[in-house]
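# An overview of the molecular structure
If you want the building blocks of each chain, they are given just below.
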Amino acid sequence: MIGRGEPHNRSKFLALINHPLIKEHKPRLVVGGMGAWELVGEDVPVDHVFLGEGEGDFPKICRSIINGDEVPKVIRGTAVAGGNIPVNRGPTIAGIVEVGRGCWRGCSFCSPSMRTLRYRPLDKILDDVTVNLKAGQRDIVLHSEDVFTYGSSGAKLDGEKVKKLFREVKRLGPRTVDISHVSLATVYHNQDLLREVSKIVGIGRDQKYMSAWVGIETGSCRILQMHMPRKAAPENPENWLEIVRDCYRLFGEESWLPVASLVLGLPGETADDVLQTIELVESLKDYTGLLMPLFFSSMSETRLGGTTSFGKDRAFPEHWELVGLCLEYNLRHLKALHRFYSERMTAGPGVHAVHKGITLIADVAMNKYLKRMKRGEPPN
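To keep things clear, this report deals only with the structure shown in the data block. Just so it is clear, the structure is predicted and the values come from calculations on it, not from any experiment. (Residues numbered from 1 in each chain as written. Predicted model: local features only at pLDDT ≥ 70, side-chain atom pairs only at ≥ 80, totals over all residues. Heavy atoms only, no water.)

### Let's talk about the sheet that holds strand S4 (residues 96-98)
The condition that has to hold: Strand pairing is assigned whenever DSSP identifies at least 2 bridges connecting the two strands. Helix and strand definitions here come from DSSP, where helices need a minimum of 4 consecutive H or I residues and strands a minimum of 2 consecutive E residues; each element is numbered from the N-terminal end. Fitted lines through C-alpha atoms give the axes, limited to the stretch in contact for helices. The angle between two N-to-C directions lies from 0 to 180 degrees. Residues are treated as being in contact if the distance between any of their heavy atoms lies within 4.5 Å.
On the basis of which strands lie adjacent, the open sheet formed by three strands has the order S4-S7-S8 and parallel pairing. The sheet terminates laterally at S4 and strand S8 (176-179), the two strands that pair on one side only. Looking at each pair of strands side by side, their axes are set apart by 25 degrees on average, direction ignored. Relative to S8, strand S7 (residues 139-143) is paired through four bridges, and the arrangement is parallel. Bridging across to S8, Val141 finds its partner in Asp178. Strands S7 and S8 of the sheet are contacted by helix H5 (residues 159-171), whose axis makes an angle of about 155 degrees with S7.

### A short note on the sheet that holds strand S9 (residues 210-217)
Within the open sheet, the three strands sit side by side as S9-S10-S11. Their pairing is parallel. Two strands in the sheet have a free side with no partner beyond their single neighbour: S9 and strand S11 (290-295). Neighbour-to-neighbour, the strand axes of the sheet open up by a mean angle of 20 degrees, direction not taken into account. Judged from the six bridges that link them, strand S10 (residues 256-264) and S11 form a sheet pairing that is parallel. Residue Leu262 lies in a different strand from S11, and its bridge partner there is Pro293.

### Here's the deal with the state of the cysteines
To keep things clear, this is the line we draw: The disulfide criterion is simple: two cysteine sulfur atoms within 2.5 Å. When accessible area is computed with a 1.4 Å probe and restricted to protein chains, residues below 20% of their type maximum are described as buried, those above 50% as exposed, and intermediate ones as partly exposed.
Across all of its chains, the model carries zero disulfides by this definition. This cysteine, Cys103, is not joined by any disulfide, and Cys107 carries the nearest cysteine sulfur, 6.4 Å off. Taking the relative accessible area as the measure of exposure, Cys103 reaches 21% and is therefore partly exposed. Cysteine Cys326 shares no disulfide, and the gap to the nearest cysteine sulfur, in Cys221, comes to 18 Å.

### Looking at the nonpolar core
Heads up, the rule is: Within this scheme, the nonpolar core is defined by two criteria: the residues are buried Ala, Val, Leu, Ile, Met, Phe, Trp, Tyr or Cys, and they are joined through side-chain atoms within 4.5 Å.
Leu142, Phe148, Phe166, Ile179, Ile216, Tyr248 and Trp256 are the most contacted members of the largest nonpolar core, which has 73 residues in total. At eight residues, helix H11 (residues 317-341) tops the list of elements feeding residues into this core. Sequence-distant contacts of Trp256, that is, excluding residues within four places in its chain, are made with Phe148, Ile179, Leu194, Val197, Ser198, Ile203, Met210, Ala212 and Phe251. One finds Val31, Ala36, Trp37 and Leu39 within the second-largest nonpolar core, a separate group that totals 11 residues.

These values are about where atoms sit, not about what they do.
Shown next, in the form of structure tokens:
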């Protein structure tokens, strides 16, 4: 957004697939994983794009390629049962351990909501935790689209299974336990469960805080009804603002740090919808966390896959004001976040000093962009 060239991950990916050794040996390039959809229709030198889950179909695709069989450019893998998701052979980045896949809420812009909901058996989850701990990983992140629905059949929660999951993981002795994602509506309707999980992992005793990615997405109940009608369930979309604010109050009380996404430019969004999101963000400014404003991307495997992605050339002044407000929020809480996140870092004092320096530099360097955007102007 600030005109400093293409994203880092894109430039590194292109450098990788254009590496001299690849040019020399000319292997067949197959790209898969959560971001593979971005390559569909892109002019990049890859032979195949594998979409979806790979545990069932990908080995057969590899055999077909090796045998010289005809294989289409875009391949779609089918879902596997939770019990067939294998235990990792080695440790994972950040100690991430998958507990389930899929989501029943069905948001129109989100690919996980298009997958069948299923969960892994507890013994396989614990095996994955053990693999990480034996390899020297000290922190564990339990991952699914909504970890608090572990073992449930969707909207009907099984709190005992969730608490058992955390107790058994904690028993294995990680330094900290976090979760990747949790639904705000799930938290809102199960606040005692969050308090119980906080006790089980030992917030304030064994670790300073817990962290989770949450999807606020919008402060407009109209947009919620249009694109995410089940996001507030079993409440009605009209109660969304109350759900968000009450969850943030609970997060503050229980020392949880929410990393929240906002989706800008969903089809049909008006300046008034953005103003409602601005008002919601303003009401959360005293709660420590991170706010991540994201431009809507049309993902091929979603209900909005055929629509046009949102770019800065289509942004309202209110969009820039919202992005500036989120940046201001993040800079305001940056020092506190570093203090909390340092618990997860294994680096020495020198690296921590560098991080503090970067925090100060970011505060100064981003200020000029922040001021422009809060006036409703593009960053440059």
